[in-house]
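Per-entry structural report
What follows is each chain in one-letter form.
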Amino acid sequence: MAKDMFLLWASGSPPCWRIMIALEEKNLQGYQHKLLSFDKGEHKSKEVLDINPRGQLPAFRHGTNVINESGAACMYLENQFKSHGNQLIPSDQAEQALVYQRTFEAFNAHQKMVDVVMYAFRVPAEEKHEATEKRNKEAATTEFQLWEGYLQKTGPYIAGKNFSMADVVFFPTLALAFRLGMRQTKYPKLGAYHGFLKDRPSIKATWPTHWLQEPPLKDPLKDV
Amino acid sequence: MAKDMFLLWGSGSPPCWRVMIALEEKNLQGYQHKELSFDKGEHKSKQVLEINPRGQLPAFRHGTNLINDSVAACLYLENQFKSQGNPLIPSEQAEQALVYQRTLEAPNAQQKMIDVLTYTFRVPEEERHEATEKRNKEAATTEFQLWEGYLQKTGPYIAGKNFSMADVVFFPTLALAFPLGLSQKKYPKLGVYHGFLKDRPSIKATWPTHWMQDPPLKDPLKDL
């Protein structure tokens, strides 16, 4: 069960956080885990590569079953432990359709956010262009406006009346976006959603510890 | 059932093709559909935007349920029509874990390939760099080498002994890569996999019609 599960993770990484929320929601606390540091390059260590040849976190193992894609691990946990904890994929057809749609759409939000952040921190200065930076920010803005719109039409959760897999996958990205400067005044519905979900037990229990200790270093998303 | 389903699609688009393969596999032929042209900008037309505010294809509707993300639609169809057609998510735990992993990994291959194919299309000339183009090609090469490696360890399908959701999601990307120059000599296992899967009924029935009519004009993936 949980003790046969092993998660290699990094603090504040939305993909890692998704799996941790799912494990809590399915009452699988007690899983083994190890916190690693991106800054120290530990995601490229042998212990990660042994589970995840891509040298990325999360790296997740259940017995001999290796599932490193966070969406895959979450789906697997929901499917394998359907009757445990909270149901994350609803049975009702219409609710299920919306949950699947928003769950997979959430990866777009993550990518658009990453594009802005990576451009700010990773692209060599001599290759940077204001126009590209502007386009990345516009794409991220359009993306988060879409999600703000979704919460104007439905709620209080991202895919309707109940907490679901869509929240498991979307919330970590949103939480990181706010931490990196995205303004709650510009996205009030997302702000309210964030405000009440951060107290959900599974989310509170897995909140990135360094966020509680240190303020963010920069705010690359302040103009999104 | 199928007649309550409506798909807007573009020929040769891997995400559209995934949904069409899934519909065939679940014996849902008879769905309503309309082929649109990316070149004519029809993916931004009102009829698409009414189903998919992102102005992207596929746009898929089952009754009033809208599911535009291709993997979301495929998982929804499998879940809703479990006892129909072929099971695409196996019940056995280890097999299921691998299928979920490869299914969610496959969009990485699609993205890396798209990054190479659309570089000159997405990035204005004054912002392009040879170094970036080189990095994109290296990332795509590493990606396809990973998949070649998977088929060295398992088979004949991408996630094991049986056709699964992982093939539904991965095959269309591979089938687009080969005509665009990916070398079957360099990726022999992928070549063999492609060779035998193209005759699978669900794939044959949905093969992009324009590929049969017009050979590709260039081979942008020949250096991968």
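Note that the structure is a prediction, hence the values are computed from the model and not measured.

Residues annotated by UniProt as "domain: GST N-terminal" (unreviewed entry) correspond here to residues 3-85 of chain B. Across residues 3-85 of chain B one finds 33% helix and 20% strand; the C-alpha atoms that close the span lie 16 Å apart.

Pairs may arise between side chains of opposite charge once their charged atoms sit close together. Residues and elements named next belong to chain B. A full pass over the atoms with the stated rule returns 23 salt bridges over all chains. Here R102 and E105 are joined by a salt bridge, their closest N and O atoms 2.6 Å apart. Of this pair, R102 and E105 both sit in helix α4 (residues 93-117), three residues apart, which is roughly one turn of that helix. On the accessibility criterion, R102 (12% relative accessible area) is buried. Its salt-bridge partner being E138, residue K134 comes within 3.2 Å of it at the nearest N-O pair.

This part takes up the sheet that holds strand β1 (residues 5-10) of chain B. By definition, the strands of a sheet pair up through backbone hydrogen bonds, in either a parallel or an antiparallel sense. Residue and element names in this part refer to chain B. Read across the sheet, four strands follow the order β2-β1-β3-β4 without closing on themselves; strand pairing throughout is mixed. The sheet is open, and its two edges are formed by β2 (32-36) and β4 (65-66), each paired on a single side. Relative to β1, helix α1 (residues 14-25) is tilted by about 140 degrees, and along the sheet it contacts β1 and β3 (59-62).

On to the interface of chain A and chain B. Counting residues at the interface gives 36 residues for chain A and 38 residues for chain B. Where chain A abuts chain B, roughly 3,000 Å² becomes buried across the two surfaces, and 48% of that area is made up of carbon and sulfur atoms. The interface formed by chain A and chain B contains six salt bridges. Note that B:E127 is salt-bridged to A:R135, the shortest N-O span being 3.0 Å. The interface formed by chain A and chain B contains 24 residue pairs in polar contact (both at pLDDT 80 or more). No other element matches helix α4 (residues 93-121) of chain A, which puts 10 residues into the side of chain A that touches chain B. Counted by class, the side of chain A that touches chain B contains 16 nonpolar, 13 polar and seven charged residues.

Okay, the sheet that holds strand β4 (residues 65-66) of chain A next. All names here are of chain A. Ordered by their spatial adjacency, four strands build an open sheet running β2-β1-β3-β4, and the pairing between neighbours is mixed. Since the sheet does not close on itself, it has two edges, and those belong to β2 (32-36) and β4, each with one partner. Sheet topology note: the strand β1 (residues 5-10)/β2 ladder contains five bridges and is parallel. Of the residues in β2, the one forming a bridge with F6 is Q32. Of the strands in this sheet, β1 and β3 (59-62) touch helix α1 (residues 14-25), which is tilted by about 140 degrees from β1.

Conventions and cut-offs
- Residues numbered from 1 in each chain as written.
- Chains lettered and ligands numbered in written order.
- Predicted model: local features only at pLDDT ≥ 70, side-chain atom pairs only at ≥ 80, totals over all residues.
- Heavy atoms only, no water.
- UniProt positions renumbered as here; feature names shortened; annotations may be inferred.
- Helix = DSSP H or I, 4+ residues; strand = E, 2+ residues; numbered from the N terminus.
- Salt bridge = Lys/Arg side-chain N within 4 Å of Asp/Glu carboxyl O.
- Buried < 20%, exposed > 50% of the residue type's maximum accessible area, 1.4 Å probe, protein only.
- Pairing = 2+ DSSP bridges.
- Contact = heavy atoms within 4.5 Å.
- Axes fitted to C-alpha atoms, helices over the stretch in contact; angles between N-to-C directions.
- Buried area = accessible area lost by both parts, 1.4 Å probe.
- Polar contact = N/O pair within 3.5 Å; in protein donor to acceptor, adjacent residues only side chain to side chain.
- Nonpolar A, V, L, I, M, F, W, Y, C, P; charged D, E, K, R; others polar.

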